[in-house]
Structure formats: C-alpha cells, structure tokens
Amino acid sequence: MAMNVVTANNNKQLMMAAGVADAENPRPCIVEEDDEDLSQRANWLRAAVLGANDGLVSTASLMLGVGAVKADARAMVVSGFAGLLAGACSMAIGEFVSVCSQRDIELAQLHRDGKDDTEEKLPSPVQAAAASALAFSVGALVPLLAAGFIRDYSLRVAVVIALATATLAAFGCVGAVLGRAPVARSCARVVIGGWAAMGVTFGLMRLFKATGI
C-alpha cells in the first residue's frame, strides 16, 4: 500500500513537471504566447534607443567639432544636418544589408528543413532599414534643434552639451528598463560615453585650430 502511494506521488510530480496541471484529471497547462511577442518588441525598442543614441552622440560631436574651429551658428547647423543625412543613410543601408544576409541564411535553413510556411515571420530588411534611419534621425534632431535658434556661441555650445546630456540619460534609463539592467549604472555609462565622444572631438578640433594646420 505504501509503495502504491509513493508511485502515485512520483507519477503526479512527473506529470506536473511535463506540463500537466492535474495528474488525476490530465489537462495540458496553458503556455502564454505573449512572452515571445513582448521579447521581440523589447528588442525592437532597444534597437531604436541605440539608434537614437548613435544619432545624438555623432551629430552633437560633429557640431561641437565644427564649433571648435568656427563659431558661426550656420556652420554648426549645416554640419549637423549633413551628419543627420549621412548617418541616417549609412544606418539604413547597413541595416538593410545585414538583415538581407540574415534573411538569406534563415531562408536557406528553412528550405532545407522543408518549412516554407514560416517564411513570412522572418525579419524585413526594408522595415529594419526604415526603423534604423528614423531612430538615428530622431536622436540627431536633438542637438540640431538646440543649436538652431541660439546666436551666442558660448550659450549655444553649453545648451547643446546640456540637452545632449539629459537626452543621453533618458536613453540610458529606457535601455536599462528594457534590458532589466541597473538604471543608475546604465545611465552613467551612456552619459560618460557621450561626454567622451563630444570632448575628444571638440578637443582635437580645437587643437587643429590652434596649430593652424
């Protein structure tokens, strides 16, 4: 009798571990399918945040570098706008080529496995390219809008740095929340990285101006 009770308990535990809700009334447990969708959405959001971060840092650094040589507001804005266009196009083309390569590999694997019905679930190169270009442009607009309406040179540079810092901190917070990482550490890493990029660009271009090369 004791042996039968132990065997029954073991069978119940095995069935529960295999995904059966009740060993006496076997019913498969319902698996939430939203987890995969949320994971994919989080990946897209993180990619968008990273693209916007790249647009902000590269454009702000470019504008500060030009501002280190020439104090004219128009020169800074024109250089920033050129950086926005060049960076957005570069991001779009790079993402398109990368996703096309990934898609070709996955398609070849699906054809080898005989799974033609899942082809529509593969990532879209056009969608990825458009998302990358848009995210980069959104980030690049921050320093452009900050510098476009300020005539005083010192105030213009200070506003660009201050607004870039605040936006970088916001990007770091969003990325930390999506990646479930420590918020303070993520924000500090993003802000310090942005400061380093802007500081190096400004300093080297100021040296370039001082030497008269």
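Residues numbered from 1 in each chain as written. Predicted model: local features only at pLDDT ≥ 70, side-chain atom pairs only at ≥ 80, totals over all residues. Heavy atoms only, no water.

Chemist: Looking at this structure, I do not really get the overall build of the protein chain. What am I missing?
Modeler: A count of helical and extended segments in the protein chain gives 6 helices and 0 strands. Residues counted as buried form 29% of the 213 residues belonging to the protein chain. Across the protein chain, contacts joining residues at least 24 apart in sequence account for 66% of those joining residues at least 6 apart. Accessible area of the protein chain: about 13500 Å², with a carbon and sulfur share of 65%. (Helix = DSSP H or I, 4+ residues; strand = E, 2+ residues; numbered from the N terminus. Buried < 20%, exposed > 50% of the residue type's maximum accessible area, 1.4 Å probe, protein only. Contact = heavy atoms within 4.5 Å. Areas by Shrake-Rupley, 256 points an atom, 1.4 Å probe, with all protein chains shown as cover.)

Chemist: What is the right way to read the packing of helix 5 (residues 153–179) against helix 6 (residues 183–211) from this model?
Modeler: What describes two packed helices is the angle between their axes and the distance between those same axes. Remark: helix 5 packs on helix 6, axes separated minimally by 7 Å, with the N-to-C direction vectors making an angle of 150°. Looking at the two axes, helix 5 sits roughly antiparallel to helix 6. Read as a crossing pair, helix 5 and helix 6 show a hand that is right-handed. Each of Tyr-153, Ala-164, Thr-165, Leu-168, Ala-169, Gly-172, Cys-173 and Ala-176 in helix 5 lies in contact with helix 6, whose residues at this interface are Val-183, Ser-186, Cys-187, Val-190, Val-191, Gly-194, Trp-195, Met-198, Phe-202 and Arg-206. Within the contact of helix 5 with helix 6, the residues separate by chemical class into 13 nonpolar, 4 polar and 1 charged. (Axes fitted to C-alpha atoms, helices over the stretch in contact; angles between N-to-C directions. Parallel < 35°, antiparallel > 145°, perpendicular 65-115°, else oblique. Left-handed = near helix turned anticlockwise from the far one by under 90°. Nonpolar A, V, L, I, M, F, W, Y, C, P; charged D, E, K, R; others polar.)

Chemist: How should I be thinking about the UniProt feature "transmembrane region" (unreviewed entry) in the protein chain in this particular structure?
Modeler: Feature annotation in UniProt assigns "transmembrane region" (unreviewed entry) to the following positions: residues 128–150, 157–178 and 190–208. Helix makes up 100% of residues 157–178 and strand 0%, and the two end C-alpha atoms of the span are 32 Å apart. The span residues 190–208 is 100% helix and 0% strand, and its two end C-alpha atoms sit 27 Å from each other. (UniProt positions renumbered as here; feature names shortened; annotations may be inferred.)

Chemist: Explain helix 4 (residues 125–147) here, please?
Modeler: One full turn of an α-helix is made of 3.6 residues, so residues set three or four places apart face in the same direction. Over its 23 residues, helix 4 runs 34 Å from end to end, which matches the ideal 33 Å to within 8%, given 1.5 Å per residue. Maximal helix bending in helix 4 amounts to about 30°, located at Leu-141; proline Pro-143 follows within four positions. (Expected span 1.5 Å × (residues − 1). Bend = angle between axes of the 7 residues up to and from the residue.)

Chemist: What exactly am I supposed to notice about a nonpolar patch on the surface here?
Modeler: Taken together, Ile-93, Phe-96, Val-97 and Val-126 make up a surface patch of nonpolar side chains, about 380 Å² in accessible area. No other element matches helix 3 (residues 73–113), which puts 3 residues into the nonpolar patch. Topologically, Val-126 is positioned in helix 4. For Val-126, a relative accessible area of 58% corresponds to the exposed category. (Patch = residues over 30% accessible without salt bridge, like charges linked within 9 Å, V, L, I, M, F, W, Y side chains within 5 Å. Salt bridge = Lys/Arg side-chain N within 4 Å of Asp/Glu carboxyl O.)

Chemist: How should the packing of helix 3 against helix 4 be read in this particular structure?
Modeler: Relative orientation of the contacting elements helix 3 and helix 4 amounts to 160°, with a least axis distance of 8 Å. By the criterion of interaxial angle, the relationship of helix 3 to helix 4 is roughly antiparallel. At the point where helix 3 passes helix 4, the crossing takes the right-handed sense. Residue composition of the contact of helix 3 with helix 4, by class: 19 nonpolar, 5 polar and 2 charged.

Chemist: Please explain the environment of Val-97 as it appears in this structure.
Modeler: Residue position: Val-97 is located in helix 3. As a C-alpha pair, Val-97 and Ala-128 span 31 residues in sequence and 10.0 Å in three-dimensional space.

Chemist: Would you take a moment to explain helix 6 for this structure?
Modeler: Between the first and last C-alpha of helix 6 there are 42 Å, a value that for 29 residues agrees with the 42 Å anticipated at 1.5 Å per step. Turning to helix 6, its buried residues number three or more, namely Ser-186, Cys-187, Val-191, Gly-194 and Met-198.

Chemist: Explanation requested: the environment of Ala-162 in the structure shown.
Modeler: You can see Ala-162 is positioned in helix 5. Overall, the relative accessible area of 47% leaves Ala-162 in the partly exposed class. Taking the C-alpha atoms as reference points, Ala-162 and Pro-143, separated by 19 residues in sequence, lie 9.7 Å from one another.

Chemist: I tried to follow the nonpolar core on my own but got confused; where do I start?
Modeler: One finds Leu-56, Met-63, Leu-64, Val-160, Leu-168, Phe-171 and Met-198 to be the most contacted residues of the largest nonpolar core, which totals 26 residues. Contributions of two or more residues to this core are made by helix 2 (34–69), helix 3, helix 4, helix 5 and helix 6. Broken down by element, the residue count for this core peaks at 8 residues, all from helix 4. (Core = buried A, V, L, I, M, F, W, Y, C linked by side-chain atoms within 4.5 Å.)

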